[in-house]
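Each chain is listed here by its residues.
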Amino acid sequence: MTDHADPPAGTIVSVAWYLEGAGRVIGGLLPRGHPEGGALGKRILCGESVWAAEMHPWEQEISAEADLVEPGPPGRPARIVVRCPDGAVTGFVDQPGLPAGRLARLTTGLRRDARQVRVRAGGRVWWVRASHMFGVRVTRDPGILVYSTRGLHAEFGSAADPLDVSVVLLTLASIPSSAYAPILGF
């Protein structure tokens, strides 16, 4: 994946973008049983001008029927890997507002702050949050706006670099929107 923009053969494409300044980008999945998918499968991101990235679930099988990754609480984060020119940047995706263990399902969705997704990789922290009616807002600590949507228009902030773009697109293509968007409004 690091040497070319096309996804590996057998990839199930979930979403495709054409980004101004970055070209064609594909988010998809390598299901369990795929030669490059690993024991549980994984979500991938590849494209012409973005760094290849992948997300592995926490003890959850990836299949064509259940292809999204639940971020889970801090004790059970999904794993993210971004393959940049200097080597792999590894990190984790979780929801710190969710309690660990069997009570997580009972309390999911009761509090708005439980819907914030945290991504940690390469010494950075990103926060994925719902905004407005059907929007998404991603900030990088300390409070730098990296990505936002307004209606059907989405744009990266001027401070966004290839790591930001790769992490944001992989995260949005890999996790269900219910992980960061409350069901009954914002």
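Below you will find a few notes about this structure.

Conventions adopted
Residues numbered from 1 in each chain as written. Predicted model: local features only at pLDDT ≥ 70, side-chain atom pairs only at ≥ 80, totals over all residues. Heavy atoms only, no water. Helix = DSSP H or I, 4+ residues; strand = E, 2+ residues; numbered from the N terminus. Buried < 20%, exposed > 50% of the residue type's maximum accessible area, 1.4 Å probe, protein only. Contact = heavy atoms within 4.5 Å. Areas by Shrake-Rupley, 256 points an atom, 1.4 Å probe, with all protein chains shown as cover. Salt bridge = Lys/Arg side-chain N within 4 Å of Asp/Glu carboxyl O. Pairing = 2+ DSSP bridges. Axes fitted to C-alpha atoms, helices over the stretch in contact; angles between N-to-C directions. Core = buried A, V, L, I, M, F, W, Y, C linked by side-chain atoms within 4.5 Å. Expected span 1.5 Å × (residues − 1). Polar contact = N/O pair within 3.5 Å; in protein donor to acceptor, adjacent residues only side chain to side chain.

When helices and strands are counted, the protein chain shows 2 helices and 11 strands. When the helices and strands of the protein chain are read in sequence order from the N terminus, they spell out β-β-β-β-β-β-α-β-β-β-β-β-α. Split into buried and exposed, the 186 residues of the protein chain put 47% on the buried side. Once local pairs closer than 6 in sequence are excluded, the contacts in the protein chain between residues at least 24 apart make up 44%. For the protein chain, the accessible area works out to roughly 9,600 Å², and carbon and sulfur atoms hold 54% of it.

What follows covers the pattern of salt bridges. On inspection of all chains with the given rule, the structure shows 11 salt bridges. Between Glu48 and Arg24 there is a salt bridge, with the nearest N and O atoms lying 3.7 Å from each other. Pair noted here: Glu48 is in the loop between β3 (42–47) and β4 (52–56) and Arg24 is in strand β2 (residues 23–30), with a separation of 24 residues, a long-range link. Of the residues examined, Glu48 reaches a relative accessible area of 46% and is grouped as partly exposed. The shortest N-O distance in the salt bridge between Arg124 and Asp161 comes to 2.6 Å. In this pair, Arg124 is assigned in strand β8 (residues 124–131) and Asp161 in the loop between β11 (153–156) and α2 (162–174), connecting sequence segments 37 residues apart. For Asp161, a relative accessible area of 23% translates into the label partly exposed. Connected via shared salt-bridge partners are Arg124, Arg140, Asp161 and Asp164.

Let us look at the sheet that holds strand β5 (residues 78–84). Strand order in this open sheet of 11 strands is β1-β2-β3-β4-β5-β6-β7-β8-β9-β10-β11, and the pairing throughout is antiparallel. Pairing within the sheet leaves two strands with one partner each, and these edge strands are β1 (12–19) and β11. Put simply, the sheet's adjacent strands are angled 15 degrees from each other on average, direction ignored. Here strand β10 (residues 144–150) pairs with β11 via 4 bridges, running antiparallel. Within β11, the residue paired with Tyr147 across the bridge is Phe156.

Counting 34 residues, the largest nonpolar core has Met55, Ile80, Val117 and Trp126 as its most contacted members. If one sorts the elements of this core by residue count, α2 sits on top with 7 residues. Setting aside anything within four residues of it in sequence, one finds Trp126 in contact with Val117, Arg118, Val119, Ala121, Val138, Thr139, Arg140, Val146, Leu163, Asp164 and Val167.

Residues in a regular strand project their side chains so that they alternate between the two faces of the sheet. Here β3 lies mainly inside the structure; 6 of its 6 residues are buried. Here β3 shows two buried faces, one formed by Lys42, Ile44 and Cys46 and the other by Arg43, Leu45 and Gly47. By the bridge criterion, 6 bridges tie β2 to β3 in an arrangement that is antiparallel. Paired with Leu29 across the two strands is Arg43, which belongs to β3. Taking the residues between adjacent antiparallel strands as the criterion, β3 and β4 are bridged by 4 residues.

For α2, with 13 residues, the first-to-last C-alpha span of 18 Å sits near the 18 Å given by 1.5 Å per residue. Counting buried positions over the 13 residues of α2 gives 12, a clear majority of the element. Where α2 begins, the capping side chain belongs to Asp161, and its oxygen is found 3.1 Å from the backbone nitrogen of Leu163.

Quick look at the pairing of β4 now. With 4 of its 5 residues buried, β4 lies for the most part within the structure. In this structure, β3 lies alongside β4, joined through 3 bridges in antiparallel fashion. Residue pairing for β4: Arg43 is matched across the bridge by Met55. By the bridge criterion, 5 bridges tie β4 to β5 in an arrangement that is antiparallel.

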